[in-house]
Structure formats: C-alpha cells, structure tokens
Amino acid sequence: MTSIAYLMNGSIPSRLQYIAVILSFSILLFILTLIRQGKLKEGYSLIWFIIALATVIFSVFARILDSFANVVGIDYAPAALFLILVGGLFLLAIHSSMLFTAYDKRIRELAQDHAILKAEVQAVAKPQL
Amino acid sequence: MQSMSVPSNKVCVIIPAYNESGAIRNVVLSIKKTYPESDIIIINDASTDNTGAIAESLGIPVLHLPINLGIGGAMQTGFKFAVKKGYDIVVQVDGDGQHDPAYIPALVQPIVDGHADVVIGSRFLHADSYRSSFMRLIGIRFCSYLISLATNKYIHDSTSGFRAYNKEALRFAAIHYPPDFPEPESIVTFLRNEFRIKEVPVAMQRRQSGISSIRPLKGTYFVASNSIGIIMSSFKKKTR
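Described below are features of the structure shown in this document. Just so you know, these numbers come straight off a predicted model, no measurement behind them.

**Brief notes about helix 4 (residues 104-112) of chain B**
Residues and elements named next belong to chain B.
- Of the residues making up helix 4, those classed as buried are I104, L107, V108, P110 and I111. The buried residues of helix 4 occupy one face: seen down the axis, they fall within an arc of 155°.
- Along its buried surface, helix 4 packs onto strand 1 (11-17), helix 1 (24-34), strand 4 (89-92), strand 5 (118-122), strand 6 (163-165) and strand 7 (197-201).
- Two residues or fewer past helix 4, G114 is found with a positive phi of approximately 75°.

**Remarks on the nonpolar core**
- Formed by 38 residues in total, the largest nonpolar core has its most connected members in I14, F79, V90, Y165, F190 and I197 of chain B.
- Listed by contribution, the elements that provide at least two residues to this core are helix 5 (77-125) of chain A together with strand 1, strand 2 (39-44), helix 3 (70-84), strand 5, helix 5 (134-151), helix 6 (167-176) and helix 7 (182-192) of chain B.
- Discounting residues that sit within four places of it in the chain, I14 of chain B has contacts with I41, I43, M75, G78, F79, A82, V90, V91, Q92 and V93 of chain B.
- Grouped together as the second largest cluster of nonpolar side chains are 32 residues, L58, I60, A116 and A203 of chain B included.

**Considering the pattern of salt bridges**
- Inspection of the entire model under this criterion finds eight salt bridges over all chains.
- Note that E120 of chain A and K84 of chain B form a salt bridge whose closest N and O atoms lie 3.1 Å from each other. Taken together, the residues E120 of chain A in helix 5 and K84 of chain B in helix 3 connect one chain to another.
- Taken together, the shared-partner salt bridges connect E120 of chain A together with K84 and K85 of chain B into one network.

**Topic: unusual backbone geometry**
Residues and elements named next belong to chain B.
- Positioned with a positive phi, N19 is a non-glycine residue whose angle comes to about 50°.
- In this structure, N19 sits in the loop between strand 1 and helix 1.
- One non-glycine residue, E194, adopts positive backbone phi at about 60°.

**A short note on the interface of chain A and chain B**
- Tallying the contact residues gives 15 residues for chain A and 19 residues for chain B.
- Taking both sides of the interface into account, the surface hidden between chain A and chain B amounts to around 1400 Å²; carbon and sulfur atoms contribute 62%.
- The interface formed by chain A and chain B holds two salt bridges in total.
- Taken together, the connections running from chain A to chain B amount to five residue pairs in polar contact (both at pLDDT 80 or more).
- Of the residues contributing to the side of chain A that touches chain B, the split by class is seven nonpolar, three polar and five charged.

**Here's the deal with the packing of aromatic side chains**
Residue and element names in this part refer to chain B.
- By the definition in use, this model includes nine aromatic pairs over all chains.
- Between the aromatic rings of Y165 and F190, the centroid separation amounts to 5.8 Å while the plane-to-plane angle is 45°, which identifies the pairing as tilted. Highlighted residues: Y165 in strand 6 and F190 in helix 7, separated in sequence by 25 residues.
- Residue class for Y165 comes out buried when judged on its relative accessible area of 0%.
- Pairing F190 with F195 gives two aromatic rings, centres 5.5 Å apart and planes at 90°, and the pair type is edge-to-face.

Cut-offs applied
- Residues numbered from 1 in each chain as written.
- Chains lettered and ligands numbered in written order.
- Predicted model: local features only at pLDDT ≥ 70, side-chain atom pairs only at ≥ 80, totals over all residues.
- Heavy atoms only, no water.
- Buried < 20%, exposed > 50% of the residue type's maximum accessible area, 1.4 Å probe, protein only.
- Helix = DSSP H or I, 4+ residues; strand = E, 2+ residues; numbered from the N terminus.
- Arc of directions from axis to C-beta.
- Contact = heavy atoms within 4.5 Å.
- Core = buried A, V, L, I, M, F, W, Y, C linked by side-chain atoms within 4.5 Å.
- Salt bridge = Lys/Arg side-chain N within 4 Å of Asp/Glu carboxyl O.
- Buried area = accessible area lost by both parts, 1.4 Å probe.
- Polar contact = N/O pair within 3.5 Å; in protein donor to acceptor, adjacent residues only side chain to side chain.
- Nonpolar A, V, L, I, M, F, W, Y, C, P; charged D, E, K, R; others polar.
- Phe/Tyr/Trp six-rings, centres within 6.5 Å; stacked < 30°, edge-to-face > 60°.

These figures capture arrangement, not role.
This is the structure in structure tokens:
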C-alpha cells in the first residue's frame, strides 16, 4: 500500500495531478464508451486506447512520470506528460493516414470494377456494341 | 466489342477522358480513320460535362467511373478491362486531342517487333520540336533527371501520356499503376521491374479544348508530387 502511495507521489504539483487524473480517466472512459457503442472500431481504436491508458498511468503514478522525465532529460516532469501525449497523437496521425491510403485503394478498386461491370452489362443489353 | 481485323495482335486504344466534350469525338474519329484495326474504349472519369453522353454516341465501349479517380486510376481501369478482354497491345491516347493518332503505328511497332515492353511517344525526339512554356519544360526535365538518377536511364519525355504497352506490361500495370501523377512514376516502376522502355519521336498538338490536368498554378505541386513519386517508387520492392 505504501509503495503504491509512494509511486503516486511525484514531483508534479498535486492540483495539476488531480486535473490530469480526472482528464485522463475521462478520455479513457469516453473511448471505452465509443467502442462499446460501436462508434469506434476496435482495431482502429487500439492506438487511442493505448494513449489514454498511458496518460492514466503517468498521471496517477507520478513517480513513474518523474523517472521517465529523468531518463529523457526533462527537468519539469509535467512537460514529459505532454511529450508522451504528442508522441501518441503523432502515431495516431500516421495511423490515420495509413487507413486513408487503404480506403483510397479500396474505393478506387470498387469504382474501377463498377465501371467495368457496368460496361459489360450494357454490352449484353445492347449487343451492337 | 468490334471484331478485329488483325489476327496476330489484338490492339486496344484506351482514351482516358475527364471533361473533354469538345475534343473526344474528333479523337475517336481520327483514331478510327488512321488506325481502323484497333478497338477503342473510352474511360469517362466521372466527367461533369456531357463527355459521357458524347462518348456513348460514338458506338464504342465506354467505361463510366462513378467517381473521379484521376488519370492514373482511370488508365488502370482501362488496363484491367484490356486484360480481362485478352488484348495483346494497349495504346494510351489522351482524350484532349494533343496526341496525333497518326503516330500510333510507330508506337506499336517496337512492341510487335519485340524490341520493347513499353513505348513512350516523345515530343523532344521529334524534329518539329514541341513548343512549350519554359516552366513546363523545366518541370519535365527535372522529372527526367530524377528518373535517370533512380534508374540510370534518361527518358526525354517523362510526362508523356502517349504510350503503348505489351501484354506483360499491361498485366503489370493493371495491378501496379500509380494512381495520382502516374506518367513519370510509372517509368521508374516499369524500369525497376525490368520492363524495356523505348521512346519514339512524335509530334504533339496543343490541346483542342478543355483544361489540362496540369494547370500552371498547380505546376509546382505537380513537380513536387512527381518527384516524391519517383523517389519513393525507386525504393519500392520489385514486384515482378
């Protein structure tokens, strides 16, 4: 119990920690709700889920955040939270672009097949072509 | 489909058209006149004018794309169709009338002779040299230079869309044709996959009507996109 309390007590100002904990839990809940309601497909929400979970862990266990900040050389530990968040959003943006690219290809193939099939149907209907 | 008069090689001329209502009829009629042994198909790339209706009235197959895919996606539609119908040679002629069908036999000949897999009609090899804006020339030269860096082969007219493909290149393009600005990038893709490219001199006319897919303001974007395409495709894995 004391070790958990120790982990939770980092250098981050306590008021800021409360806000961070509330916000990160809200985000996690919100994402879970969206997945449950089927508004976010599980596969696509994985990165969102990881970001939210990481934010929760780092804001609740502030000591871990301190260690992370120390390792990467950030003096002010809460700034490390931003680094983690920005990193997560960056991954998310790349992942989104990958999805768009995949959809772009699927839509293109669909449109091409549509055009070819339509012409073939028309050729059957109008045999003089 | 019309029946073929040439027994050895089934040739299909593919005309990609986006809002070419002013030119498309003449393009088709002049191909029918100068190269009657070929079949012709039009790819109507979701034109917003009456290109589709005019194309339908010409008595040849028209593939109507439900959404605008751009020149690469439109050509690929034609490649897929040609593969499906068993054509041996495909010739690409732009729907705007700048490609003179009189040169189609010259494009097809190296393929018939087995000297090339892809033949590109080049404006810059022709005695009656193509007059173009300085900026456009710079853009084309730059693309050609990048291609030569990537492949060790200098293609003079890297943006020319006046091309002929043999069956192997056609099958390959039906799967691997670049979607956005395909002409320069596809050269790299073809060369990297060990297709033989040959350039033959052609004269090109100014556009009969419509708007070029390369507008002056978009020139920089065009060159930048092409450059990225050329550079990236030179890193892509061989797929053949």
